[in-house]
Amino acid sequence: KLNFDLPPGTGAKVDNGQVLVMRADDTSRHKALHGLSRSLILNMVKGVTDGYVKKLEIQGVGFKAAVQGKTINLNLGYSHPINYPIPDTVKVTVDENTKITVEGPDKQLVGRVAAELRSYYPPEPYKGKGVRYVGEHVVRKEGKTVQ
């Protein structure tokens, strides 16, 4: 179950199984809010029926993740483990200690959790270590050359 407060100047009604979003007038502000409201309602309907999934992978020697109750424990080569609290509506699973799956009905919250997990150690360009989205291409750089 998701809820959304419509911005002023927009309205919505359900008609024959369709959600219709209306606006008060044709000013540019109301047009923009109309499109925003329509997209957010569509994302909520898709999220409740299908759900959203973001997949991350950890690369690096000794880098791993584990779910412990309502927190995810990340060991990313720092001197301390990183404990990230998982929000209530989001489900996080870890496979093979390096593959993280973030699932939930709220598109914004799923994306934010995945982005915050990635932000603890974004992929670096020299060795490619770090937390990245599955399928993300990281441009590698050449290191220093010895003469």
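Novice: Please give an account of the layout of surface pockets that cites residues and values.
Specialist: The space that makes up the largest pocket amounts to roughly 200 Å³. Lining of the largest pocket is provided by Leu2, Asn3, Phe4, Leu40, Asn43, Met44, Pro105, Asp106, Lys107 and Gln108. Broken down by element, the residue count for the lining of the largest pocket peaks at three residues, all from helix α1 (residues 28–49). In terms of residue class, the lining of the largest pocket is made up of five nonpolar, three polar and two charged.

Novice: Give me the side chain of Asn73: which residues, what numbers.
Specialist: Tracing the backbone through its elements, the reader meets Asn73 in strand β5 (residues 71–75). Sequence-distant contacts of Asn73, that is, excluding residues within four places in its chain, are made with Lys64, Ala65, Ala66, Gln68, Pro81, Ile82 and Asn83.

Novice: An account of the packing of aromatic side chains is needed here, citing residue identities and associated values.
Specialist: Counted by the stated rule, this structure contains three aromatic pairs. Arranged with centres 5.2 Å apart and planes meeting at 65°, the rings of Phe63 and Tyr121 form a pair that is edge-to-face. Highlighted residues: Phe63 in the loop between β3 (52–59) and β4 (64–68) and Tyr121 in the loop between α2 (107–119) and β9 (130–133), separated in sequence by 58 residues. The residues Phe63 and Tyr121 share a single accessibility class, namely buried. Seen in terms of ring centroids, Tyr78 and Tyr121 are 5.7 Å apart; in terms of plane orientation they differ by 40°. Their pairing is tilted. Taken together, the residues Tyr78 in the loop between β5 and β6 (82–85) and Tyr121 in the loop between α2 and β9 connect sequence positions 43 residues apart. By relative accessible area, Tyr78 is classed as partly exposed at 39%. According to the relative accessible area criterion, Tyr121 is buried, its value standing at 17%. Chaining the aromatic ring pairs together yields one cluster made of Phe63, Tyr78 and Tyr121.

What counts and how
- Residues numbered from 1 in each chain as written.
- Predicted model: local features only at pLDDT ≥ 70, side-chain atom pairs only at ≥ 80, totals over all residues.
- Heavy atoms only, no water.
- 1 Å grid on protein atoms, 1.4 Å probe; cavity = no way out; pocket = protein on both sides within 12 Å on 5 of 7 lines; lining within 4 Å.
- Points joined across faces, edges and corners; volume = space filled by probe spheres on them.
- Helix = DSSP H or I, 4+ residues; strand = E, 2+ residues; numbered from the N terminus.
- Nonpolar A, V, L, I, M, F, W, Y, C, P; charged D, E, K, R; others polar.
- Contact = heavy atoms within 4.5 Å.
- Phe/Tyr/Trp six-rings, centres within 6.5 Å; stacked < 30°, edge-to-face > 60°.
- Buried < 20%, exposed > 50% of the residue type's maximum accessible area, 1.4 Å probe, protein only.

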